[in-house]
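What the coordinates show
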Amino acid sequence: MGHTIISNGFLATNFPSLIQQQQVLLQKSNLRATTIAVSSDELEKNLTMAERSVTSVVRKAAPSVAFITSLWPETPRRRPNRKKTEPRRENSLPPGINLGTGSGFVVETDGYIITNYHVVERAYVLQSMQTESMKSVDKLIGNITCNVKGSLGSFIDVDTIKSMLNQTLPPEARVFCRINSENSYQACRIVNVEPELDLAVLKIESSSSFLNKVDFGDSGSLIVGQSLVAIGNPFGLDQTVTSGVVSALNREIKTQEGGSIRNCIQTDAAINPGNSGGPLLNLEGDVIGVNTAIITTSGSNAGIGFAIPSDRVEPVVKDIIKMDRVRSRERPDAGYLGVGIIKTQQKDRPGNWIVQVDPDSPAAEVGLKGIKIEGSGSVEYGDCIVAVAGKFVNSYYELMSELKERVVGEELALTVENGTTNKRRVVI
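How each quantity is defined
Residues numbered from 1 in each chain as written. Predicted model: local features only at pLDDT ≥ 70, side-chain atom pairs only at ≥ 80, totals over all residues. Heavy atoms only, no water. Helix = DSSP H or I, 4+ residues; strand = E, 2+ residues; numbered from the N terminus. Buried < 20%, exposed > 50% of the residue type's maximum accessible area, 1.4 Å probe, protein only. Contact = heavy atoms within 4.5 Å. Areas by Shrake-Rupley, 256 points an atom, 1.4 Å probe, with all protein chains shown as cover. Pairing = 2+ DSSP bridges. Axes fitted to C-alpha atoms, helices over the stretch in contact; angles between N-to-C directions. pLDDT = per-residue confidence, 0-100. Phe/Tyr/Trp six-rings, centres within 6.5 Å; stacked < 30°, edge-to-face > 60°. Lys NZ or Arg CZ within 6 Å of the ring centre and 35° of its normal. Core = buried A, V, L, I, M, F, W, Y, C linked by side-chain atoms within 4.5 Å. Salt bridge = Lys/Arg side-chain N within 4 Å of Asp/Glu carboxyl O. Disulfide = S-S within 2.5 Å.

**Digging into the overall build of the chain**
Along the backbone of the chain there are 8 helices and 22 strands. Counting only residues that meet the buried cut, the chain has 38% of its 428 residues in that class. Long-range pairs, those at least 24 residues apart, make up 61% of the contacts in the chain between residues at least 6 apart in sequence. Carbon and sulfur atoms provide 51% of the accessible area of the chain, an area that totals close to 25,300 Å².

**Examining the sheet that holds strand β12 (residues 279-281)**
Strand order around the closed barrel formed by 6 strands is β9-β10-β11-β14-β13-β12, with antiparallel pairing between neighbours. Across the sheet, the mean angle from the axis of one strand to that of its neighbour is 50°, orientation sign disregarded. Note that β12 and strand β13 (residues 287-294) share 3 bridges and pair antiparallel. By the bridge assignment, Pro-279 is partnered in β13 with Val-290. Packed on one face of the sheet, helix α3 (residues 49-61) meets β9 (227-232), β10 (240-254) and β12 and runs near 40° to β9. Together, β11 (260-267), β13 and β14 (305-309) form the strand contacts of helix α6 (residues 310-327), whose direction differs from that of β14 by roughly 50°.

**Considering the sheet that holds strand β6 (residues 174-179)**
The strand order around the closed barrel formed by 6 strands is β3-β4-β5-β8-β7-β6, and the pairing between neighbours is antiparallel. Pairs of neighbouring strands in the sheet enclose a mean axial angle of 40°, with direction left out of account. Sitting on the sheet, α6 is in contact with β4 (96-108), β5 (112-116), β7 (186-194) and β8 (199-204), with an inclination near 115° to β7.

**Some words on the confidence of the model for the chain**
When the pLDDT values of the chain are averaged, the result is 79; 73% of them are 70 or greater. With pLDDT under 50 throughout, residues 1-31 is counted as low confidence; its partners more than four residues away or in other chains account for 20 contacts.

**Digging into the packing of aromatic side chains**
Two numbers describe a pair of aromatic rings. These are the distance of the centres and the angle of the planes. Applying the stated criterion across every chain, the model contains 3 aromatic pairs. Between the NZ or CZ atom of Lys-203 and the centre of the ring of Tyr-112, over which it lies, the distance is 5.4 Å.

**Concerning the environment of Ala-248**
Position of Ala-248 relative to the elements: it lies in strand β10. A relative accessible area of 8% means that Ala-248 is categorised as buried. Along the chain, Ala-248 and Gln-226 lie 22 residues apart, while their C-alpha atoms are 10.0 Å from each other. If sequence neighbours within four positions are ignored, Ala-248 has contacts with Val-224, Cys-264, Ile-265 and Gln-266.

**Comments concerning the nonpolar core**
Counting 29 residues, the largest nonpolar core has Val-107, Ile-114 and Val-313 as its most contacted members. Of all the elements, α6 adds the most residues to this core, at 5 residues. Beyond its immediate sequence surroundings of up to four residues, Val-313 is in contact with Ile-114, Leu-199, Phe-216, Val-290 and Ile-308. In this structure, Ile-113, Ala-123, Val-175 and Ile-190 belong to the second largest nonpolar core, which totals 20 residues.

**Considering the pattern of salt bridges**
Tallied over the full model, the rule gives 12 salt bridges. Among the ionic pairs, Asp-286 bridges to Lys-60, the shortest N-O distance being 3.4 Å. Here Asp-286 is found in the loop between β12 and β13, whereas its partner Lys-60 is found in helix α3, with 226 residues between them in sequence. Classification of Asp-286 by relative accessible area gives buried; the value is 17%.

**As for the state of the cysteines**
Evaluated as defined, the whole model comprises 0 disulfides. The closest cysteine sulfur to the non-disulfide-bonded Cys-177 is located on Cys-188, 3.5 Å from its own sulfur. The class of Cys-177 is buried, set by a relative accessible area of 0%.

**Some thoughts on the pairing of β7**
Within a regular strand, side chains alternate between the sheet's two faces. In the sheet, β6 pairs with β7 via 3 bridges, with the strands oriented antiparallel. By the bridge assignment, Val-175 is partnered in β7 with Cys-188. With antiparallel pairing between neighbouring strands as the criterion, β6 and β7 make up a hairpin whose turn holds 6 residues, including Asn-180 at a positive phi of roughly 55°. By the bridge criterion, 6 bridges tie β7 to β8 in an arrangement that is antiparallel. Bridged to Val-193 within β8 is Ala-200. Remark: 4 residues form the turn of the hairpin made by β7 and β8, two consecutive strands paired antiparallel; Asp-198 in that turn has positive phi of roughly 55°.

Set out below in structure tokens:
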């Protein structure tokens, strides 16, 4: 008895008697996918202005958001009874024990990424232990070399002994990222961490492509009720977008290290496990906070989430990246000015006042002066830095941003103002 098969749009009648006499060939249709470009205006033509504001943020920032995961790779010693597996595909995760997952975002086009410290904490601790263990091996090898003398010393192969000792060490914990929902993972190194702010900076190890980055916004200008957007990977769900408002400002939250982070942003944008380290954005698409914690009784979102303000994150991250580039010789050493700055809160004397000048420093050589406090308690103001290379600096963060871009050997022009509002220009 025959039967009918419908395949790829062709009708084929299959009779057993005919199959014995001839082979029926079915020509498959050659279907090609066609890509049609549609403008964002066309896609959003039926959306409200509020909805367009959110989709605009997503288009701008989502390509910079990353999924972060860390693991402790497996070795034959830890899985002796497991059957030999197929070699892992390039850019896929190696087998291992998961140490933590979360979100992050690209802040420099050459592959620097921000995430929360608690997302990579276990990997960081294990890597630190690994480094100390390797130092101990080197020290042990040095002792063996020094203590074994005479003809016996010539029979000792130091490299072989070191290799054998290193094989006894556990594998190094690894961190990987996947940017913008890509299928492939890229290995990252932990550049440095700042546990007090629950921050970690990662660097993609082999980043040769130009990555999309997001810029920092001014968290100090936020007001309660302002609209916000969060992008992250809650429960491993890539590129999840939620929106909400600034619920409150200047909140203080506890860190897993037992410390506290002040001036945090509270939001009702849905933040769940896995959102940690992701960006909290204003409607300009700029990062005004790093999502870090929630208050919940169930383990998931309850409408109370917190983010570290960008005004605290940005200077710390820029310092870490700058020092890493110096260590890796990607840029010259940072310049040295030799002053301490304090931002006075007095309404009649705002600005970046110099509180002290280091002896024999470049600042001392050009006569910059700091604040003096007399025995009577009266304050004598010295110099206030009002511009760097002709660019006015209205806040402490603007001043630090300008100074950190300067390197050794660079000539720097400062405009300063003394306590009597007399301005002068000095060149260092």
